[in-house]
Each structure stands twice: as structure tokens, then as C-alpha cells.
Amino acid sequence: MNLDTIVQRIEEAFGSTLPSPASPLQDGDLEVLARLFGDDGFQDYLQDEISRQIIRDYLTNAVILGFIRVENLDGLGELVDTPEHRAALSLHMLMSSVEEAASLLEGGISGELTRLEPAPDLPPNIHLVRN
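Below is a summary of the structure that appears in this document. All figures in this text were calculated on a predicted structure; none of them were measured in a lab.

## Here we look at the overall build of the protein
Next, step 1: Along the backbone of the protein there are five helices and zero strands.
Next, step 2: Seen in sequence order, the protein has helices and strands lined up from the N terminus as α-α-α-α-α.
Next, step 3: Every one of the 131 residues in the protein was classed for burial, and the buried ones make up 17%.
Next, step 4: For the protein, the share of sequence-separated contacts (at least 6 apart) that also reach a separation of at least 24 residues comes to 65%.
Next, step 5: Of the roughly 10,600 Å² of accessible surface on the protein, a fraction of 57% belongs to carbon and sulfur atoms.

Now the structure itself:
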């Protein structure tokens with residue numbers, strides 16, 4: 001299985017991206033955009049917003065489908081109080097079905113994510129692109 005090929009096929013299925021912005025950029029716009037979006041702060045903000053959305057959608061679905069009660073949300077506390085905790089929880093949620101929501105909330109999630117290294121005899125099939 002080649003992950004690059006899988007990702008490419010998914011990207012091709014999306015089609016073209018939406019135009020952004022809808023109107024042409026004016027002089028100085030590129031400088032402002034580079035200042036706003038060109039550093040690690042924006043990437044951190046964007047990743048945290050994605051984590052928050054995953055958690056919101058997952059827990060909303062779990063409540064609507066009856067796998068947890070609204071009262072279970074009162075105990076989120078330490079599971080979502082930092083960007084690292086939100087990243088860890090959202091990763092677990094992506095890898096779990098909503099049927100497992102109660103066990104995710106009860107069992108707790110370690111806020112520490114560990115970088116995985118490929119085994120020496122297995123070359124990675126994915127190329128990370130840094131922004």
C-alpha cells in the first residue's frame with residue numbers, strides 16, 4: 001500500500017479548490033496575508049480549530065445517537081483544556097467509532113503524543129510537506 005498514491009487519488013476526487021478570495025487581490029494584500037498566515041502561530045491556531053471541530057462533531061453525534069448523555073459532557077475538563085489534550089483526543093476520536101465515546105470520556109486520554117519512527121527495514125511511504 002502506497003500512502004502517497006492513496007492521498008493523490010483522494011485529492012483528485014475532490015476536484016478543483018474553491019476560489020479564494022472571490023475578488024482579485026489588491027496591492028499590499030499579499031504582504032498582509034503573509035504576515036497573518038505565514039508563521040507557525042497560524043498553523044497552530046488552524047490545527048487547534050480542526051481538533052475542536054472533530055471533538056464537537058464526534059461528541060454531538062455520540063449524544064444524538066444515544067451513546068453518551070449530555071451530562072457526560074460535564075466531565076470533559078482535562079480532556080480538552082489545552083491544545084495538546086485536544087489534539088490527542090481528536091486523534092483518538094478519528095480512530096474510534098462513536099459507539100466508543102463513553103469509554104473515551106471515562107478512560108481518559110494521555111495528552112502526550114509520541115512521534116512514531118518507522119522501523120529500519122520498512123521505508124516510509126508517505127512524504128510530509130511542511131508549510
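Anyway, onward from the coordinates.
## Remarks on helix H4 (residues 83–94)
Next, step 1: Taking 1.5 Å of rise per residue, the 12 residues of H4 would be expected to cover 16 Å, and the 16 Å separating its terminal C-alpha atoms lies within 8% of that figure.
Next, step 2: Within H4 the residues assigned to the buried category are Arg86, Ala88, Leu89, Ser90 and Met93.

## Re the pattern of salt bridges
Next, step 1: One pass over the structure, following the stated rule, counts four salt bridges.
Next, step 2: Measuring nitrogen to oxygen at the nearest pair gives 4.0 Å for the salt bridge that ties Arg52 to Glu49. Of the two residues, Arg52 and Glu49 both sit in helix H3 (residues 40–64), three residues apart, roughly one turn of that helix.
Next, step 3: Assessed through its relative accessible area of 33%, Arg52 is described here as partly exposed.
Next, step 4: Glu49 gets classed as partly exposed once you look at its relative accessible area, which sits at 30%.
Next, step 5: In this structure, a network of salt bridges that share partners links the residues Asp48, Glu49, Arg52 and Arg86.

## Some words on the packing of H3 against H4
Next, step 1: In contact at an axis separation of 9 Å, H3 and H4 are set at 50 degrees when each is read in the N-to-C sense. Classified by the angle between their axes, H3 and H4 sit oblique to one another. Note on packing geometry: the crossing formed by H3 with H4 is left-handed. Contacts between H3 and H4 pair Asp48, Ser51, Arg52, Ile54, Ile55, Tyr58 and Leu59 from the former with Pro83, Arg86, Ala87, Leu89, Ser90, Met93 and Leu94 from the latter.
Next, step 2: Across the contact of H3 with H4, the residue classes tally to nine nonpolar, two polar and three charged.

About the cut-offs
- Residues numbered from 1 in each chain as written.
- Predicted model: local features only at pLDDT ≥ 70, side-chain atom pairs only at ≥ 80, totals over all residues.
- Heavy atoms only, no water.
- Helix = DSSP H or I, 4+ residues; strand = E, 2+ residues; numbered from the N terminus.
- Buried < 20%, exposed > 50% of the residue type's maximum accessible area, 1.4 Å probe, protein only.
- Contact = heavy atoms within 4.5 Å.
- Areas by Shrake-Rupley, 256 points an atom, 1.4 Å probe, with all protein chains shown as cover.
- Expected span 1.5 Å × (residues − 1).
- Salt bridge = Lys/Arg side-chain N within 4 Å of Asp/Glu carboxyl O.
- Axes fitted to C-alpha atoms, helices over the stretch in contact; angles between N-to-C directions.
- Parallel < 35°, antiparallel > 145°, perpendicular 65-115°, else oblique.
- Left-handed = near helix turned anticlockwise from the far one by under 90°.
- Nonpolar A, V, L, I, M, F, W, Y, C, P; charged D, E, K, R; others polar.

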